[in-house]
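# Fold and contact review
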Amino acid sequence: MNYPAYFDYNATTPVDPVVLESMLPYFGLHFGNAASRTHVFGAKAEEAVDKARKQLARLLDADPKEVAFTSGATESINLGLKGVWEANRQRGNHFITIATEHKAVLDTCEHMARQGAEITCLRPDSDGLITADQVERAIKPTTLLISVMAANNETGVLQPIQAIGEVAHKHGVLFHTDATQAVGKIPLSFASSPIDLLSLSGHKFYGPKGVGALVVRKSTMLTAQQDGGRHERGRRSGTLNVPGIVGIGEAARLCQLQLTNEASRISALRDQLEAGILAQLPNATVNGSRQFRLPNTTNICFAGLDGELLLLSLNELAVSNGSACTSASTDPSHVLKAMGLSDDLAYSSLRFSLGRFTTEAEVEAAIRHIVSVVNRLH
Ligand SMILES: *Cc1c(COP(=O)(O)O)cnc(C)c1O
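Residues numbered from 1 in each chain as written. Predicted model: local features only at pLDDT ≥ 70, side-chain atom pairs only at ≥ 80, totals over all residues. Heavy atoms only, no water.

The chain carries the name cysteine desulfurase in an unreviewed UniProt entry, which gives Spirosoma pollinicola as its organism. The record in UniProt for the chain states the following under Sequence similarities (unreviewed entry): "Belongs to the class-V pyridoxal-phosphate-dependent aminotransferase family. NifS/IscS subfamily." UniProt annotates the chain under Cofactor (unreviewed entry) with the comment "pyridoxal 5'-phosphate". (UniProt positions renumbered as here; feature names shortened; annotations may be inferred.)

Dropping the structure here:
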């Protein structure tokens with residue numbers, strides 16, 4: 001089979017070969033349980049976990065003690081929102097989030113609403129952006145936590161999380177950010193940002209699937225949502241996924257090393273792809289802010305075309321209509337709809353996300369392929 005060129009890095013990234021290499025010994029010789037304190041097998045595993053925790057903390061400018069390993073961003077988000085609520089019931093039951101969040105946040109909020117929480121879901125403007133003012137106006141005396149993503153997975157739009165966090169703290173409200181798409185792509189400093197909880201996932205930045213972290217500021221009260229051996233300072237029980245944790249640590253180290261160079265290389269390729277498409281297809285437009293955006297993502301609306309047919313016809317490319325995370329449904333993107341797009345325009349939109357292994361030759365071939373397919377379908 002001839003594989004299509006991969007333009008779906010926001011759905012998942014390949015494991016970097018260097019990351020894979022770093023993990024292998026922990027499936028073999030160093031198979032120990034990181035919680036086994038009585039012998040060298042456990043010590044080897046614990047040492048590797050400590051190192052990975054430091055590597056991840058360094059990328060995020062966080063204290064290693066603030067990092068709790070989980071199975072991925074979905075679990076981190078569930079733990080962060082539900083765990084904060086359970087530990088702080090007396091402080092309030094009102095949560096603020098935005099309509100363009102990942103389903104991991106929106107579905108968790110819905111679950112909490114069924115249990116008696118009050119949820120305010122803010123709508124962004126047509127660029128996909130919300131403002132700190134908008135958030136501030138939604139705060140009430142009962143507001144416990146605000147959850148706003150750092151970067152959107154479908155459009156790449158970056159929210160003003162610094163300003164939103166400042167507003168939250170001014171009112172004594174906790175702030176969680178789903179930084180799954182931001183980690184490894186743009187610089188983040190947990191230490192100098194008004195963020196109390198931050199969620200991330202290894203497989204979005206060249207680490208393995210099934211491992212992530214919730215970064216929790218020291219003073220934040222959080223009740224574990226999974227009970228057992230009180231691993232991860234009591235925040236998340238369960239035997240640690242040592243090879244996965246080694247992998248996410250190594251992936252963080254690689255991102256840390258090359259973040260600036262990689263972001264500028266990838267954004268140049270993304271801009272080339274976008275410019276090539278827009279120049280040759282007058283009906284094509286970009287969804288979402290182009291100013292406040294990840295370097296690797298473009299979401300393009302091919303007005304007048306059926307997105308499903310377009311997706312099938314683009315057989316030389318692996319791209320998505322932005323709903324990989326809600327793969328069971330064929331509904332139009334909730335993100336694009338929240339930005340005011342009609343069902344038709346949302347259906348006609350595709351997400352292109354580039355990454356570490358994208359080449360200029362692939363971008364040039366992609367432009368030619370997209371232009372010829374769209375012209376044929378019109
Ligand atoms: C991928 C993603 C998630 C979920 O990550 P999992 O690894 O599937 O748990 C959450 N939020 C955003 C923004 C994502 O892109």
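### Description of the environment of Ile77
Within the secondary structure layout, Ile77 lies in helix α3 (residues 73-87). Accessibility expressed as a relative area gives 1% for Ile77, which makes it buried. With 107 residues separating them in the primary sequence, Ile77 and Gly184 have C-alpha atoms 18 Å apart. With sequence-adjacent residues up to four places away left out, Ile77 is seen in contact with Ala104, Val105, Thr108, His176, Asp178 and Ser199. (Helix = DSSP H or I, 4+ residues; strand = E, 2+ residues; numbered from the N terminus. Buried < 20%, exposed > 50% of the residue type's maximum accessible area, 1.4 Å probe, protein only. Contact = heavy atoms within 4.5 Å.)

### Topic: the packing of helix α7 (residues 242-280) against helix α11 (residues 360-377)
Packing of α7 against α11 brings their axes to within 10 Å, and their N-to-C directions diverge by 20°. It follows that α7 is roughly parallel to α11 by the angle criterion. The handedness of the crossing between α7 and α11 is right-handed. Residues Leu269, Gln272, Leu273, Gly276, Ile277 and Gln280 of α7 touch α11, and the partners they reach there are Glu360, Val363, Glu364, Ala366, Ile367, Ile370 and Val371. A class-by-class count of the residues in the contact of α7 with α11 yields eight nonpolar, three polar and two charged. (Axes fitted to C-alpha atoms, helices over the stretch in contact; angles between N-to-C directions. Parallel < 35°, antiparallel > 145°, perpendicular 65-115°, else oblique. Left-handed = near helix turned anticlockwise from the far one by under 90°. Nonpolar A, V, L, I, M, F, W, Y, C, P; charged D, E, K, R; others polar.)

### Description of the domain arrangement of the chain
Under the domain assignment, the chain is made up of domain 1 (5-12 + 259-377) and domain 2 (17-254). Centre-to-centre, using C-alpha coordinates, domain 1 lies 27 Å away from domain 2. Taken together, the contact pairs 31 residues of domain 1 with 34 residues of domain 2. Taken together, both faces of the contact between domain 1 and domain 2 bury some 2,700 Å²; the carbon and sulfur share is 59%. For the interface between domain 1 and domain 2, the tally reads zero salt bridges. Sorting the residues of the side of domain 1 that touches domain 2 by element identifies α7, β10 (297-302) and α9 (334-338) as the ones contributing at least two each. Top element by residues in the side of domain 1 that touches domain 2 is α9. It accounts for five residues. (Domains from an automatic or database assignment. Buried area = accessible area lost by both parts, 1.4 Å probe. Salt bridge = Lys/Arg side-chain N within 4 Å of Asp/Glu carboxyl O.)

### Looking at the nonpolar core
Taken as a class, soluble globular proteins show a tendency for nonpolar side chains to be buried jointly. Leu56, Ile146, Leu200 and Phe205 are the most contacted members of the largest nonpolar core, which has 60 residues in total. Top contributing element to this core by residue count: α7, with nine residues. Split by domain, this core shows at least three residues from each of two domains, domain 1 (5-12 + 259-377) and domain 2 (17-254). For Phe205, the contacting residues outside a window of four places in its chain are Thr13, Leu56, Leu59, Val183, Leu200, Ile248, Ala251, Ala252 and Cys255. (Core = buried A, V, L, I, M, F, W, Y, C linked by side-chain atoms within 4.5 Å.)

### Description of the pairing of strand β4 (residues 118-122)
For strand β3 (residues 94-98) and β4, the ladder comprises five bridges, and the chain directions are parallel. Counted as the bridge partner of Thr97 is Cys121 from β4. For the crossover from β3 across helix α4 (residues 103-114) to β4, the handedness is right-handed. (Pairing = 2+ DSSP bridges. Right-handed = clockwise from strand over helix to strand, strands pointing away.)

### Things to note about unusual backbone geometry
The phi dihedral of Tyr206 falls on the positive side, at around 75°, and the residue is not glycine. By secondary structure assignment, the location of Tyr206 is in the loop between β7 (197-201) and β8 (212-216). Look at Arg233: it is not a glycine, yet its phi comes out positive at around 55°. Mapped onto the secondary structure, Arg233 falls in the loop between β8 and α7.

### Focus on the sheet that holds β3
Strand order in the open sheet formed by seven strands is β2-β8-β7-β6-β5-β3-β4, with mixed pairing between adjacent strands. The open sheet terminates on both sides in strands that have one partner only, identified here as β2 (67-70) and β4. Mean inter-strand twist for the sheet, computed between neighbouring axes without regard to direction, equals 20°. Sheet topology places strand β6 (residues 174-178) next to β7; three bridges connect them, and they run parallel. Note that in β7 the partner of Asp178 across the bridge is Ser199. Contacts between α4 and the sheet are confined to β3, β4, β5 (143-147) and β6, with β3 contributing the most and set at about 155° to the helix.

### Digging into the pairing of β10
By the criterion of burial, β10 is predominantly enclosed, with six of the six residues buried. Of the two faces of β10, the one lined by Thr297, Asn299 and Cys301 and the one lined by Thr298, Ile300 and Phe302 are each fully buried. Two elements, β10 and strand β12 (residues 349-353), share five bridges in a ladder whose sense is antiparallel. By the bridge assignment for β12, Cys301 is matched with Ser349.

### Some thoughts on the site of the ligand
Every residue lining the ligand is accounted for by Gly72, Ala73, Thr74, His102, Met149, Asn153, Asp178, Thr180, Gln181, Ser201, His203 and Lys204. At 2.7 Å from a nitrogen atom of the ligand is found a side-chain nitrogen or oxygen belonging to Asp178. In this structure, an oxygen atom belonging to the ligand sits 2.8 Å away from a side-chain N or O atom of His203. Against a free-state accessible area of 380 Å², the protein chains account for coverage of 88% of the ligand. Here the residues of the shell around the ligand are counted per class, giving two nonpolar, eight polar and two charged. (Near = heavy atom within 4 Å. Polar contact = N/O pair within 3.5 Å; in protein donor to acceptor, adjacent residues only side chain to side chain. Areas by Shrake-Rupley, 256 points an atom, 1.4 Å probe, with all protein chains shown as cover.)

### Examining the side chain of Asn287
Considering the arrangement of structural elements, one finds Asn287 in the loop between β9 (284-286) and β10. Looking at Asn287, its side chain comes within polar contact range of the side chain of Ser349, at 3.0 Å. Contacts of Asn287, omitting those with residues within four sequence positions, involve Thr155, Asn299, Ile300, Cys301, Leu336, Met339, Leu341 and Ser349.

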